[in-house]
Amino acid sequence: GTPDSWTIHLDPHLLLNAETWTSPEDNDITWHNVALRHARLSLASGPQRLSLVTQPDTGSATGAQLSFTDFSLSSLTNILASDTALASGKLNGTASITDWLHTPALKADLTVDSLKVMRAPLGTLSLAASNHGKDYQVDLALKGAGNDITLGGHYRMDQPAPLDFTLGLQPLSLASLEPLARDYVKGLKGELAGTLKITGSSAKPGVLGDLTFRRTSFNPRIINSTLHLYHEKIAFQPDGIHLDNFV
């Protein structure tokens, strides 16, 4: 292509992380002036499917949709770190964008079934996201394996305090966190429950609400002694963080 225009064409038979992926002979992706102008790409390996296709917008730009069918997250994470399963699960759903050079419109509806991180089961992760102009709405949920977590609200880019989210832990299984903190703590048991309201900006967020430890025990490696929290509460208030009944 020219310096401001280029096209990618994939080999119809690819070998990625010991998996064979097939693609139609006429697959291609074309960019022009930093914008995606055309895409006709699909990859398949067994039941897994990934596709990127474009459609003309009503305006001057091009819309694109990325689709996943039974796509294994480990197909990507094993390429990044072949010696460990960073994340695994089956990804299904679509994500699309239109008119990205002028007034981008986003829409995503994605689900990861049987999500595991560092081999720890977390449940089913779902994401729904869309926008109206500069108002972006996000609804995220993680349910299963002892977890019932939701994060929903708005990010309003044209506001000085764009954050308006509610985080619900009903509850969070602390055992889910152990693989991420195994260098510092072991034997994580119990739950963390509560609701937090998150406002303000990313530079200066405001957090209000309460979180309660329920029948919790853990062993910090630095002291190698098991600690217990039966019903202690962390209160996030305008004047700071308060610890209630911590002993």
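Parameters and conventions
- Residues numbered from 1 in each chain as written.
- Predicted model: local features only at pLDDT ≥ 70, side-chain atom pairs only at ≥ 80, totals over all residues.
- Heavy atoms only, no water.
- Helix = DSSP H or I, 4+ residues; strand = E, 2+ residues; numbered from the N terminus.
- Contact = heavy atoms within 4.5 Å.
- Buried < 20%, exposed > 50% of the residue type's maximum accessible area, 1.4 Å probe, protein only.
- Core = buried A, V, L, I, M, F, W, Y, C linked by side-chain atoms within 4.5 Å.

Caption draft 1: A look at the side chain of Ser173. On the secondary structure map, Ser173 appears in strand E13 (residues 163–173). The residues contacting Ser173, other than those within four sequence positions of it, are Ala145, Gly146, Asn147 and Gly190.

Caption draft 2: Main features of the environment of Gly144. Summarising the element assignment, Gly144 is placed in strand E11 (residues 135–144). Looking at Gly144, the relative accessible area reads 27%, which means it is partly exposed. If sequence neighbours within four positions are ignored, Gly144 has contacts with Leu122 and Gly123.

Caption draft 3: View of the nonpolar core. Within the largest apolar cluster, 27 residues are counted, with the highest numbers of intra-cluster contacts made by Leu91 and Leu192. Those elements that provide at least two residues to this core are strand E7 (62–72), strand E9 (105–117), E13, strand E14 (185–200), strand E15 (205–220) and strand E17 (233–237). Per-element accounting of this core gives the leading share, four residues, to E14. Dropping the residues within four chain positions of it, Leu91 is found in contact with Phe68, Thr69, Asp70, Phe71, Leu73, Leu110, Thr111 and Val112. By size, the runner-up hydrophobic cluster in this structure holds six residues, among which are Leu36, Leu41, Leu52 and Ala64.

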